[in-house]
Amino acid sequence: MLPTSGGDPRHPAGVTLGPLDLAARVDEALRVQAVAFGLSEEEVAIRRYIVQRHMTSPGARALGAFEDGGALVGFVYGMPNDRAHWWSTVVEPHLRAGGHDGWLDGSFVITELHVHPAFQGRGVGRALITRITDTAAEPRSILSAIDADSPARALYRKLGYTDLARRVRFPSARLPYAVMGAPLPLHRP
C-alpha cells in the first residue's frame, strides 16, 4: 500500500491507498458511499448486487483509502467501458446527440468514487482517481456525476474532465447526471 501523505499537505496523515477486494468488503464500502452520497437502505441493497456483479467484469479493479487501523474511508472502482453495459446503453443516446458517442469506446469508466465526509477536501478522492486511471490501458476515462455544481464536479474539471452530456436521467435516480470525459493521464496540479 502507498501512503497518501508523502509530504503533500492535501493528503491526510494516516491514510494509505492500496488495492481493495471490493467484493469481500462491499458492505464496508457501501457504508462509506451511503454516508457520502446519502443512500437509503434500499438503495444500498440494490448497489450491493450491482457492485458484486461489476467486480466480475473483465478489467474491473478497485482501490481503497484506509486509516491506520485498516478502516475503509474512501474507495474508487472502475473498468474498461463496454457498450453492452447498462450504464452505456443509458448514456449513449445523450452522447450521440452531442457527437460524443465515440467516448464509449477505448475508455476506462470510473463507476464509483466516494470518500467519507470526514476525509473529504483533503486530496483522498484526487489520489484515488488518479492512481486507478494511471494503471488504465485505455487512452481516456469517462464517468457520470450529479449534474450540479459540487466539489466532486470541481475536482473532475481540475483533473481534465469536461462535460460530454448533461441532464442525463438514470431510471430511479432523483437528480439528473452529467457524463464527463478526460484524456489520460489525468491533469496534475
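Note that residues are indexed from 1 along each chain, following the sequence as it is written. A pLDDT threshold of at least 70 governs which residues receive local features in this predicted model, and a stricter bar of 80 or more applies before side-chain atom pairs are shown or counted, although totals over entire chains, interfaces and linings include all residues. Derived side-chain values reflect all non-hydrogen atoms in the structure, with water molecules and hydrogen atoms excluded from consideration.

All right, on to the side chain of D147 then. Segments assigned H or I by DSSP are reported as helices when at least four residues long, segments assigned E as strands when at least two residues long, and all are numbered from the N terminus. On the secondary structure map, D147 appears in the loop between strand 6 (140-146) and helix 5 (151-158). Within the structure, D147 has its side chain in polar contact with the side chain of R166 (distance 2.6 Å). Whenever a nitrogen or oxygen atom comes within 3.5 Å of another N or O atom, the pair is scored as a polar contact, on the condition that within protein one atom can donate a hydrogen and the other can accept it, and that pairs from neighbouring residues in sequence are kept only if both atoms are in side chains.

With that settled, consider the packing of aromatic side chains. Geometry of aromatic contacts follows a simple scheme: Phe, Tyr and Trp rings, the Trp one being its six-membered ring, pair when their centres are within 6.5 Å, and the pair is stacked under 30 degrees between planes, edge-to-face over 60, tilted otherwise. Counted according to the given criterion, the structure contains three aromatic pairs. Ring centres of W86 and F170 lie 5.7 Å apart, and the angle between their planes is 35°; on these two criteria the pair is classed as tilted. In this pair, W86 sits in helix 3 (residues 86-97) while F170 sits in the loop between strand 7 (162-168) and strand 8 (177-183), placing the two residues 84 residues apart along the sequence. Relative accessibility decides the category of a residue: with a 1.4 Å probe and only protein chains considered, values under 20% of the type maximum give buried, values over 50% give exposed, and everything between is partly exposed. Take W86: its relative accessible area is 47%, and that puts it in the partly exposed class. Site record: aromatic cluster; members linked through ring pairs are W86, F170 and Y177. A ring is considered to have a charge above it if a Lys NZ or an Arg CZ atom is located within 6 Å of its centre and within 35 degrees of its normal. The side chain of R140 reaches across the aromatic face of W103, ending 4.8 Å from its centre.

Time to look at the confidence of the model for the chain. In predicted models, pLDDT denotes the confidence assigned by the predictor to each residue on a 0 to 100 scale. When pLDDT is averaged along the chain, the result is 91; 93% of the residues meet or exceed 70. In this analysis, two residues are considered to be in contact whenever any of their non-hydrogen atoms come within 4.5 Å of each other. A low-confidence stretch, residues 2-12 stays under pLDDT 50, and its non-local contacts, those more than four residues away or across chains, total 28 contacts.

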